[in-house]
Amino acid sequence: MLKKLISTLLITSVAALTLTAQAQTPARPTLNAPSAAAPIVPTAPELAATSYLLIDANSGAVLVEHNADTPLPPASLTKMMTSYIVSQEIKRGQIGENDPVLVSEKAWRMGGSKMFIRVGTEVSVIDLLRGVIIQSGNDASIALAEHVAGSEDAFADLMNAQAQRLGMTNTHFVNATGWPAEDHYASARDLAILAQAIIRDDPKSHYAIYGEKEFVWNEIRQPNRNLMLWRDSTVDGLKTGHTDEAGFCLVASAKRDDMRLISVVMGTTSEAARAAETQKLLTWGFRFFETKTFYQPGQVLADERVWKGAQSSVQLGLQDGLMLTLPKGQADKLEASLSLNKPLIAPIQVGDVLGEVEVKLGEEVVHKAPLVALTAVEEGGLFGRLWDSIRLFFYGLFD
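From a predicted model like this one, the values you see are computed outputs, not experimental measurements.

This brings us to unusual backbone geometry. Omega for the peptide link from Gly237 to Leu238 comes to 10°, which places this bond in the cis form. On the secondary structure map, Leu238 appears in strand 8 (residues 235–243). Of note, the bond from Ala346 into Pro347 is cis; its omega dihedral lies within 30 degrees of zero at 5°. Mapping Pro347 onto the fold places it in the loop between strand 15 (334–340) and strand 16 (353–361).

Right, here's the structure in full:
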């Protein structure tokens, strides 16, 4: 009888389960010797650029980086934040795509690259957005900044608030254009974070503008300055930049099959050089890495016993799912195990961390993620809680 009681009180342990997953790749992988355990991944290309970074857009894995956290003048890469804020304002219903924007004298007089809008005329928000993204118009950027926030200075405050929200820790904006100014800077990593946000958050019709090759306004046809749109059919964005101080810069994104990469190249010597260096990064990344989704957000991985609860079990999973980037051919070699903070005692709220998922490649731990409650369990009645307390007492004695 005692053995039977002990048996009923023991909590079932969670068995290790095999899955396909990914190891975080080092910033600069080195050549591996051929073996059954690991594919050959050649050393990442070294670029003729001040700073650069290559990440997977979906998993966020960094494939290679160089001076990625160094604050640098971003030139017209700044306009990515300008267009992002405008797109989000449209998405929220604060402004409309077809709203007329009155062109101020400040916008009209602005030097540098221009959309060639005329002072005192009205231009729609969506046309100005194309002028910012495709033609890199400083005039269009200021017109939109004034329309959204009343002044360019106030818009810069919005830009910095948005940068802080996104986690851009080495960025500060003074204007909406990227015109050289003291205390106006951004890092390659921060610009990759911004590119991720644009791809993730913008309406598809807005993101598609980054891939448009030309735009005609005021009977002036201007091509998109991103040469990669002509050289690589998988590239669909994002933005170029150039000043004497910043050099030639490019944030690019390309999608091949289910994998999307974002590259940031800053401080090259010419328009052709920024495209060539970007191509090196994208070619290397797509050729030697792959991104796989193993669990969706909220997918149930386990259904575990709960004590002292109104329900007897709780569903467990990964709040953000599991998407990982790894050298090609590694996925089937990974194993994962679940560990629980036992015993699980009610009340339990959705999102409570109740354990951990650990992913290994051989003996190396390559990924950890919190195992969370996907369902809530309220506290049970007095008799049920008392009975479970007695059972847990015996479990503690004989475990």
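With that settled, the discussion passes to the nonpolar core. Among the nonpolar cores identified, the biggest contains 60 residues, and Met81, Leu128, Leu194, Ile198, Leu238 and Val251 are the most heavily contacted of them. Of all the secondary structure elements, the ones that give two or more residues to this core are strand 2 (51–56), helix 2 (79–91), helix 4 (125–133), helix 5 (138–149), helix 6 (152–166), helix 7 (188–201), strand 9 (247–256) and strand 10 (259–268).

Note: strand 15 against strand 16, 7 bridges, orientation antiparallel. Within strand 16, the residue paired with Ser337 across the bridge is Glu358. Connecting strand 16 to the antiparallel partner strand 17 (residues 364–373) that follows it, the hairpin turn spans 2 residues, and Gly362 within it adopts a positive phi of roughly 65°.

Quick look at the pattern of salt bridges now. All told, the structure shown has 14 salt bridges when counted by the stated rule. Of the charged contacts in the structure, one is a salt bridge between Arg92 and Glu89, with a shortest N-O distance of 2.4 Å. Among the ionic pairs, Arg109 bridges to Glu105, the shortest N-O distance being 2.6 Å. Separated by 4 residues within a single helix, Arg109 and Glu105 lie in helix 3 (residues 105–109), roughly one turn from each other. Residue class for Glu105 comes out partly exposed when judged on its relative accessible area of 43%. A network of salt bridges, in which partner residues are shared, links Glu65, Asp69 and Arg189.

Rules and cut-offs
- Residues numbered from 1 in each chain as written.
- Predicted model: local features only at pLDDT ≥ 70, side-chain atom pairs only at ≥ 80, totals over all residues.
- Heavy atoms only, no water.
- Helix = DSSP H or I, 4+ residues; strand = E, 2+ residues; numbered from the N terminus.
- Core = buried A, V, L, I, M, F, W, Y, C linked by side-chain atoms within 4.5 Å.
- Buried < 20%, exposed > 50% of the residue type's maximum accessible area, 1.4 Å probe, protein only.
- Pairing = 2+ DSSP bridges.
- Salt bridge = Lys/Arg side-chain N within 4 Å of Asp/Glu carboxyl O.

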